[in-house]
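Read off the chains here:
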Amino acid sequence: MKIQSENKCFEGMQGVYQHWSDSCKCDMVFGLFLPSLATSEPVPLVWYLSGLTCTHENAMTKAGAQSAAEEFGVGIVFPDTSPRGNNVPDDEDYDLGQGAGFYLNATEKPWNDNFKMWDYITIDLTEVLLNNFNVDMARQSIMGHSMGGHGALTIGMGTPDRFKSISALAPICNPTGADWGRKQLSAYLGNNERAWLKHDSSIVMLNQGFNGNVLIDVGNKDQFIDLLRPEKLANAMMERRQPGEFRMQSGYDHSYFFVSTFIDDHIAFHSNLLNEG
């Protein structure tokens, strides 16, 4: 692991690091904020998964999560959204290829050699964090925005008992039923739609749910709301009787102005559960 930068921030440390990923077969970069508490004891960890076109840097610099993370004594990791590099396949469209990994393990060419973002999050980066930083991996939560909200929900529900809570801001809720999903799922996983089901949070929520609390925020002026299909997830949560809260926020869109408005709520939500007992 290589240190790209470390900057003191709200008495904690915001770092950017590079490491080799066996899953993605390339170097990967991630951001990690550790509160000052980490200098004396292991701290709980919140994963923040970002959306389409983002790198590790977008949420790290725009969401404003570090102040609340320092206040509540939790770390936040900001992974990249896909493998990258000259030898990694890409597509001319913004919503496929580099910057659009969709947090799954691709099985179709040309993506299957590198696009293993599910394994990257749950195995590779997890091991790097465990081996190099003062984090308590017994206390983890996961959140994300847009495509990252989709990833947080599917990985959170798909790895039972790992995460104590899940939250999402404007998540892609029903990718099997929307253009933000069907295109990518068919490209990465092929045309057998049964293979897509574990990557649709509304379907997983209805069939399996989550053994913990969930918080969802969506702006009712989100310009992509028809692609997000939040009503599918809300209905699934109600039918499943999932513990949690689904909030439709008046006047907010899909931007990081929306994210930064509600990020403190989400950090507090996770911190209260991570610090129980």
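See the structure printed just above.
Remember, it's a predicted structure, so these values are computed and weren't measured experimentally. (Residues numbered from 1 in each chain as written. Predicted model: local features only at pLDDT ≥ 70, side-chain atom pairs only at ≥ 80, totals over all residues. Heavy atoms only, no water.)

A. Representation of the overall build of the chain. Secondary structure summary: the chain contains nine helices and nine strands in total. The globule rule puts the C-alpha radius of gyration for 277 residues at 19 Å, and the 17 Å found for the chain is close to it. Each principal axis of the C-alpha atoms in the chain carries an extent, and together these give about 50 × 45 × 35 Å. Out of the 277 residues belonging to the chain, those deemed buried represent 60%. Put simply, 72% of the contacts in the chain that link residues at least 6 apart link residues at least 24 apart. For the chain, the computed accessible surface area is about 11,500 Å², with 45% contributed by carbon and sulfur atoms. Considering the chain, the positive charge centre built from 20 side chains and the negative charge centre built from 34 side chains are found 5 Å apart. (Helix = DSSP H or I, 4+ residues; strand = E, 2+ residues; numbered from the N terminus. Rg over C-alpha atoms; globule rule 2.2 N^0.38 Å. Buried < 20%, exposed > 50% of the residue type's maximum accessible area, 1.4 Å probe, protein only. Contact = heavy atoms within 4.5 Å. Areas by Shrake-Rupley, 256 points an atom, 1.4 Å probe, with all protein chains shown as cover. Lys, Arg positive; Asp, Glu negative; His and termini not counted. Charge placed at Lys NZ, Arg CZ, Asp CG, Glu CD.)

B. Local environment of the pattern of salt bridges. As enumerated under the stated definition, the model contains eight salt bridges in all. Asp217 is paired through a salt bridge with Arg247; the nearest N and O atoms lie 2.7 Å apart. In this pair, Asp217 sits in strand E8 (residues 213-219) while Arg247 sits in strand E9 (residues 244-249), placing the two residues 30 residues apart along the sequence. In this structure, Asp217 and Arg247 share a single accessibility class: buried. Look at the salt bridges and you will find they share partners, linking Asp93, Asp95 and Lys183 into a network. (Salt bridge = Lys/Arg side-chain N within 4 Å of Asp/Glu carboxyl O.)

C. Summary view of the side chain of Ser165. With respect to the secondary-structure elements, Ser165 resides in strand E7 (residues 163-169). For Ser165, the side chain forms a polar contact with the side chain of His270, separated by 2.6 Å. Filtering out sequence-adjacent residues up to four positions away, Ser165 remains in contact with Gln140, Ser141, Ile142, Phe210, Asn213, Phe269, His270 and Leu273. (Polar contact = N/O pair within 3.5 Å; in protein donor to acceptor, adjacent residues only side chain to side chain.)

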